[in-house]
Amino acid sequence: MGISNIWVFSQESNGTATSGTLELLSQARSLGGTVTAFVGGDATSIAGILGEYGASKVYATGDLAGALPGAAVASAMKAVIDGGDSPDLILFPQNYEGRDVMSRLSVKVDRTVLTNNVAVAVDGDTVTVTTPVFGGNTLVSTSFSGSAPYLAAFRPKSFAAESAGGGAAEVIAAPVPDLGSTGGATVTAVHVEESTGPKLDEADIVVSGGRGLGEADKFSMVDDLAKLLKGAAGASRAIVDAGWVPYSMQVGQTGKVVKPNVYIAAGISGATQHMVGMKGAKNIIAINKDAEAPIFGVADLGIIGDVHKVLPKLIEALQSRG
Amino acid sequence: MGYRWVRMSSMKVIVCVKQIPDPALPGELDSSTNTLKRDGKLILDESDSYGVEMALQLVDAAGGGEVALVSMAPNDEMSGMRTALAMGAAQGLLVSDSALAGSDALTTAKVLAAAVQRLGGADLVLAGTESSDGYTGTVPEQMAEVLGLPSVTFAKKVTVDGSTLKVDRQTESGFDEVTCPLPALVSVTAGVVEPRYPSFKGIMAAKSKPVETVTAADLGVTPVGWEGSGQAVAAVEQAPAREAGTIIEDDGESFGKIVEYLETIKVI
């Protein structure tokens, strides 16, 4: 008994394992038992690093040929479970693919899912996960009841990625069975909207703009400041929804989770949705004209003022330094 | 599910809508159950208004058809549903049952899927990507699996070409173009369309539009609520607070404080 067989839904990007994958493998290892990586796609290029971070074996579906992973990977997982290798706990990254695969699998194994977590603890047979609510001010810990497998998703950067120094893991084929009526959703073209400069979720400095900018054109101030500081520009959900900037720039619950050295929030009030995506920043500077804005509750330096007055002067001051 | 999809000459779209506590008011946990208090006035989740709008536009584009709603609530609250009817939906099915309190995401998906089937199924089922109060974000994809449908999540643009959906689907780095056969389920992101404001005429008409109210047992879904939930809250605690920072009022020179701060932490 106990939690001895842990799977991690593992993802590849640009020929290596994603940082979220390595974080989850590291955490899975610390919970004890054996760690298995499950890859939706071809695992040849990442079997080495998956093993290094603690996977003792890797299941791989092989090339999905454009199929959206939700139904395909969940069906492949179910086939392995039916074949006798039944996990006690499956860790998923809180992202598009992770969410879709865990949702489909949840129905197939008739077990609930717990999402948006930042911590996990195992005590005997009991698995407890923790999720922040109300803008991260309150932490709710929830235990799974009933029998395994337990399905849980974790936000990026919840755990540190640490190599275990292991060798390459054995790759076992876990082909996608016939999907019947649930198949058919197929990717026909891929569009990348990433801007130049450092990536939002990796940048050391992030400057984000919100509704307080007033209009779409004013986002250029945020861009300019980000460039001057060699950082990345981000945005609140409000202005992404309003169509001012693409979704790939959204910081928050539904967007990217960032943990930069410096986070500058310009004209962002600090809705729950946004705060959970940036509260982990080391230094937070906020500019907002509403003294009551929740963002000031987390700011190391808060300026109660109009972004249209403060930002141009700040940009000018930084430019004059050369 | 032993269910036969009925194809019609016009398009039938069912939209999942959630009625939530007003997000403008501070949220509160029920101290006895440690779940979000949902017993006050409930409104239409703004993120679902996009699904309703998209459904209305797709039916228009198809040259006819019907938009129906399914919703689930622990009480018979339907003001949020009336908002969607006032926007132009034709009818609704509300699963209203005190036994539903405490239901987990999987149970919610089973109940809503059964509600879709009770309405006779649809060419397309639409849902928001996640609610603004619970944020679980798994219910649409779970529903698709229960209904045996293909699905496309995080859609930011949806068009229908005969019996095929064409969807622009958000990804971490941009978007993918995806095709999918109908019938299907699609979850839409906020901001994809501009939800119309209900007209006065629409609001008046909504009052007489049919809304059937059923229980989970009527739909044959048991157990639900706490009993059917695969989870139990173990603890609630306050997160460690950040140390209070320096908050100053802009006097025209506050940009200098930011420069100073950046110098102190050595990023410039």
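Counting of residues starts from 1 at the beginning of each chain's written sequence and follows it residue by residue. Lettering of chains starts at A and numbering of ligands starts at 1, both following the order in which they are written. Since the coordinates come from a predicted model, pLDDT governs what is reported: local features require at least 70, and pairs of side-chain atoms require 80 or more to be given and counted, while whole-chain, interface and lining totals use all residues. Side-chain descriptors were evaluated using all non-hydrogen atoms of the structure, hydrogens and water having been removed beforehand.

Draft legend 1. Seen up close, the overall build of chain A. Numbering goes from the N terminus for both helices and strands, where a helix is a DSSP run of H or I of at least four residues and a strand is a run of E of at least two. Looking only at helices and strands, one finds eight helices and 18 strands in chain A. Radius of gyration: over C-alpha atoms. The globule rule applied is 2.2 Å multiplied by the number of residues raised to the 0.38 power. Here the C-alpha atoms of chain A give a radius of gyration of 21 Å, agreeing with the 20 Å that 2.2 N^0.38 yields for 322 residues. Dimensions of chain A, computed from the C-alpha atoms along their principal axes, are close to 65 × 40 × 40 Å. The rule is simple: take the accessible area with a 1.4 Å probe, protein chains only, and divide by the maximum for that residue type; under 20% is buried, over 50% is exposed, in between is partly exposed. A burial count over chain A gives 57% of its 322 residues as buried. Two residues form a contact once any of their heavy atoms are found within 4.5 Å. Summarising the internal contacts of chain A: among those between residues at least 6 apart in sequence, 63% fall at separations of at least 24. Carbon and sulfur atoms provide 49% of the accessible area of chain A, an area that totals close to 11,700 Å². Charge assignment: positive for Lys and Arg, negative for Asp and Glu; neither His nor the chain ends contribute. Charge placement uses NZ in Lys and CZ in Arg. For Asp and Glu, CG and CD serve respectively. In chain A, 23 positive and 31 negative side-chain charges are present, and the distance between their average locations comes to 6 Å. Accessible surface is estimated by sampling points in the Shrake-Rupley manner with a 1.4 Å probe; for residues, cover comes only from the protein chains shown.

Draft legend 2. Representation of the sheet that holds strand β14 (residues 205-209) of chain A in the model. By definition, two strands form a pair when at least two bridges between them are found by DSSP. Spatial strand order, β15(A)-β14(A)-β16(A)-β17(A)-β18(A)-β13(B): six strands in an open sheet with parallel pairing. Of all the strands in the sheet, the pair left with one neighbour each is β15 (232-235) of chain A together with β13 (246-249) of chain B. Looking at each pair of strands side by side, their axes are set apart by 15 degrees on average, direction ignored. With axes taken as lines fitted to C-alpha atoms, and helix axes fitted only over the stretch in contact, angles between N-to-C directions fall between 0 and 180 degrees. Relative to the sheet, helix α8 (residues 307-320) of chain A contacts β16 (262-266), β17 (283-288) and β18 (301-304) of chain A, its axis offset from that of β17 of chain A by approximately 130 degrees.

Draft legend 3. Inspection of empty space enclosed by the protein at higher detail. In this analysis a 1.4 Å probe is tested at points of a 1 Å grid over the protein atoms alone, and where it fits but cannot get out there is a cavity; an open set with protein on both sides within 12 Å along at least five of seven lines is a pocket; lining residues have an atom within 4 Å of a point. Grid points are joined across faces, edges and corners, and a volume is the space filled by probe spheres set on the points. What the rule picks out here adds up to two cavities of 30 Å³ or more. Counted as a void, the largest cavity has a volume near 40 Å³. Around the largest cavity sit Asp100 of chain A together with Thr129, Gly137, Pro140, Glu141, Thr153, Phe154 and Ser187 of chain B, which together line it. Listing elements by their share of the lining of the largest cavity, those giving two or more residues are α4 (139-147) and β7 (151-161) of chain B. Under the scheme applied, nonpolar residues are Ala, Val, Leu, Ile, Met, Phe, Trp, Tyr, Cys and Pro; charged residues are Asp, Glu, Lys and Arg; polar residues are all the others, including Gly. Of the residues in the lining of the largest cavity, the class split is two nonpolar, four polar and two charged. For the second largest cavity, the full set of lining residues is Arg111, Thr112, Phe144, Ser145, Ser147, Pro149, Tyr150 and Leu151 of chain A together with Gly230 of chain B. In terms of residue class, the lining of the second largest cavity is built from four nonpolar, four polar and one charged.

Draft legend 4. A look at the interface of chain A and chain B. Facing the 80 residues of chain A at the interface are 74 residues of chain B. Carbon and sulfur atoms supply 55% of the area that chain A and chain B bury against each other, a total of about 6,800 Å² over both sides. Here the buried area means the combined drop in accessible surface, using a 1.4 Å probe, for two parts upon being joined, counting both sides. Per-residue buried area on chain A facing chain B is highest for Tyr96, Arg99 and Arg104 of chain A; these three make up 10% of the total on that side. Salt bridge, as used here: a side-chain nitrogen of Lys or Arg that lies within 4 Å of a carboxyl oxygen of Asp or Glu. Our count for the chain A to chain B interface comes out at six salt bridges. Taking the shortest distance from any N to any O, the salt bridge between Asp100 of chain A and Arg169 of chain B comes out at 2.9 Å. Polar contact criterion, stated in full: a pair of N or O atoms within 3.5 Å, where within protein one must be able to donate a hydrogen and the other to accept it, and residues adjacent in sequence count only if both atoms are side-chain atoms. The interface formed by chain A and chain B holds 34 residue pairs in polar contact (both at pLDDT 80 or more) in total.

Draft legend 5. Highlighting the nonpolar core. Take the buried residues of types Ala, Val, Leu, Ile, Met, Phe, Trp, Tyr and Cys, join any two whose side-chain atoms come within 4.5 Å, and each joined set is a nonpolar core. Core analysis: the largest hydrophobic core is formed by 56 residues, its most contacted members being Phe38, Met77, Phe92 and Leu105 of chain A together with Val70 and Met143 of chain B. The greatest single-element share of this core, amounting to nine residues, is contributed by helix α3 (residues 105-118) of chain B. Ignoring sequence-local partners within four residues, the contact set of Leu105 of chain A consists of Ala74, Met77, Lys78, Ile81, Ile90, Phe92, Asp110 and Leu151 of chain A.

Draft legend 6. Structural view of helix α1 (residues 46-62) of chain B. All names here are of chain B. Helices are assigned an expected span. That span is 1.5 Å times one less than the residue count. Its 17 residues give α1 an end-to-end C-alpha distance of 25 Å, which sits within 8% of 24 Å, the value for a rise of 1.5 Å per residue. Summarising burial for α1: 12 of the 17 residues are buried, a large majority. Every buried residue belonging to α1 is among Ser47, Asp48, Ser49, Tyr50, Gly51, Val52, Glu53, Met54, Ala55, Leu56, Leu58 and Val59, and all of these are buried. Of the residues one or two after α1, Gly63 is the one with positive phi, at around 85 degrees.

Draft legend 7. Representation of the sheet that holds strand β1 (residues 5-10) of chain A. Residue and element names in this part refer to chain A. The strand order β7-β11-β6-β1-β4-β5-β12 describes an open sheet built from seven strands, whose pairing is parallel. Each edge of the open sheet carries a strand with a single partner, namely β7 (113-117) and β12 (170-173). Strand-to-strand twist of the sheet, defined as the mean angle between neighbouring strand axes without regard to direction, takes the value 25 degrees. With four bridges joining them, strand β5 (residues 57-60) and β12 adopt parallel strand pairing. For Val58, the partnering residue across the bridge sits in β12 and is Val171.

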